[in-house]
Amino acid sequence: MSVLQSIVAGVREDLAVREQATSMDALKERASRLPSAIDAYQRLARDEVAVIAEVKRSSPSKGDLAEITDPASLATEYEAGGASVISVLTEQRRFGGSLTDLDAVRAKVDIPILRKDFIVTPYQVWEARAHGADVVLLIVAALEQMALEGLIERVHSLGMTALVEVHDTDEVARAVDAGARVVGVNARNLKTLEVDRHTFARVAPAIPDGILRVAESGIRDSHDVVEYARLGADAVLVGEALVKDRDPRTAVAEMVAAGAHPALRSVRP
Ligand SMILES: O=P(O)(O)OC[C@@H](O)[C@@H](O)c1c[nH]c2ccccc12
């Protein structure tokens, strides 16, 4: 079993428990009482490179990264630093996240929130919306094509944005066929868990114009942001570098400033 398959197996077990506790109808009812999802596509589709800042306690590759006793205050710092979207990991077993973290962050920030998890069923999409998320991650490598199409449709029908994650050009083709409007290129290989910083340069040119391009994983600082900006990224998704920084607000602000530099506009494709 690959790392991805074993993570998804654990996610399905935890999901079965939540499905027993809360019906789909209860989620729909809860979602109907919330304000509509914020249009994250619009926030990412600007001239500047947007920063998606992630609340991330641990990961299968690095183990514990940061304690994060107060995810909402970390997210507030990210927002003050100029992040466009906050990503909240809700996977429990490997990443130490939860829907409680999502709720806490939603209560404190006004910008769009990405529920970062291993989504394999429509129930999880409803759950994301019922907990106030505006964006969900869908990992092409974890889904059959039919399931991917169905989930993207469901996400869009709820007024949300799908960040569709790919690792190679074949997966880009699948994402585009399935109706993706925002594609994330993950530099971390989900089989080996290694980061390959050349992944974006190799894969992003296959993403058609009009579809937003997000560079994910292994982004260390503003130099990396400039590099991805030159390669045509519309946004970067950053976790580890921000949770390990003692001043997350300034760390985000530096990346935002790097991505907004006017000199980049002429070089971006
Ligand atoms: O901590 P990093 O290297 O900055 O990476 C953030 C983000 O890209 C990473 O957490 C991620 C990308 N795709 C995922 C899928 C599942 C869980 C986590 C992820």
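Please read these numbers as outputs of a predicted model, since none were measured by experiment.

### Re the side chain of E91
Positionally, E91 belongs in the loop between β4 (85-89) and α5 (99-108). Buried and unpaired, E91 has no salt bridge, with R93 as the nearest side chain of opposite charge at 5.5 Å. Within polar-contact distance, the side chain of E91 engages the backbone nitrogen of R93 at 3.3 Å.

### What to know about the pattern of salt bridges
The full count for this structure, using the stated rule, is 17 salt bridges. The partner of E48 in a salt bridge is R46, and the shortest N-O contact between them spans 3.7 Å. On the basis of relative accessibility, which here comes to 25%, the residue E48 falls in the partly exposed class. Take R46: its relative accessible area is 38%, and that puts it in the partly exposed class. Measuring nitrogen to oxygen at the nearest pair gives 3.4 Å for the salt bridge that ties D196 to R202. Look at D196 and you get partly exposed, because its relative accessible area is 29%. A network of salt bridges, in which partner residues are shared, links R18, R115, D117 and E127.

### Structural notes on the UniProt feature "domain: Indole-3-glycerol phosphate synthase" (unreviewed entry) in the protein chain
Per the UniProt annotation, the sites labelled "domain: Indole-3-glycerol phosphate synthase" (unreviewed entry) are residues 4-254. In this annotation, residues 4-254 is assigned 43% helix and 18% strand; the end-to-end C-alpha distance for the span is 33 Å.

### A word on the site of the ligand
Of all residues adjacent to the ligand, which total 18 residues, the nearest are E54, K56, E165, S217 and G239. One of the side-chain nitrogen or oxygen atoms of K116 is found 3.2 Å away from an oxygen atom of the ligand. At the level of elements, β6 (135-139) and β10 (235-238) are the ones that each hand at least two residues to the shell around the ligand. In terms of residue class, the shell around the ligand is made up of 7 nonpolar, 4 polar and 7 charged.

### Topic: the side chain of E54
Locating E54 in the fold gives a position in strand β1 (residues 50-55). Within polar-contact distance, the side chain of E54 engages the side chain of K116 at 2.7 Å. Those residues in contact with E54 that sit more than four places away from it in its chain are Y78, S87, L89, K116, L237, V238, G239, L242 and V243.

### Thoughts on unusual backbone geometry
For I68, which is not glycine, the phi dihedral falls at a positive 45°. Residues other than glycine seldom take positive phi values, yet L193 does so here, at roughly 65°. If you trace the backbone, L193 turns up in the loop between β8 (182-186) and α9 (199-203).

### A short note on the sheet that holds strand β5 (residues 113-116)
Strands sit in the order β1-β4-β5-β6-β7-β8-β9-β10 around a closed barrel of 8 strands; the barrel is parallel. Direction aside, the axes of adjacent strands within the sheet are offset by 25° on average. Where β4 meets β5, 4 bridges bridge the pair, whose relative direction is parallel. For L89, the partnering residue across the bridge sits in β5 and is K116.

What counts and how
- Residues numbered from 1 in each chain as written.
- Predicted model: local features only at pLDDT ≥ 70, side-chain atom pairs only at ≥ 80, totals over all residues.
- Heavy atoms only, no water.
- Helix = DSSP H or I, 4+ residues; strand = E, 2+ residues; numbered from the N terminus.
- Buried < 20%, exposed > 50% of the residue type's maximum accessible area, 1.4 Å probe, protein only.
- Lys, Arg positive; Asp, Glu negative; His and termini not counted.
- Salt bridge = Lys/Arg side-chain N within 4 Å of Asp/Glu carboxyl O.
- Polar contact = N/O pair within 3.5 Å; in protein donor to acceptor, adjacent residues only side chain to side chain.
- UniProt positions renumbered as here; feature names shortened; annotations may be inferred.
- Near = heavy atom within 4 Å.
- Nonpolar A, V, L, I, M, F, W, Y, C, P; charged D, E, K, R; others polar.
- Contact = heavy atoms within 4.5 Å.
- Pairing = 2+ DSSP bridges.
- Axes fitted to C-alpha atoms, helices over the stretch in contact; angles between N-to-C directions.

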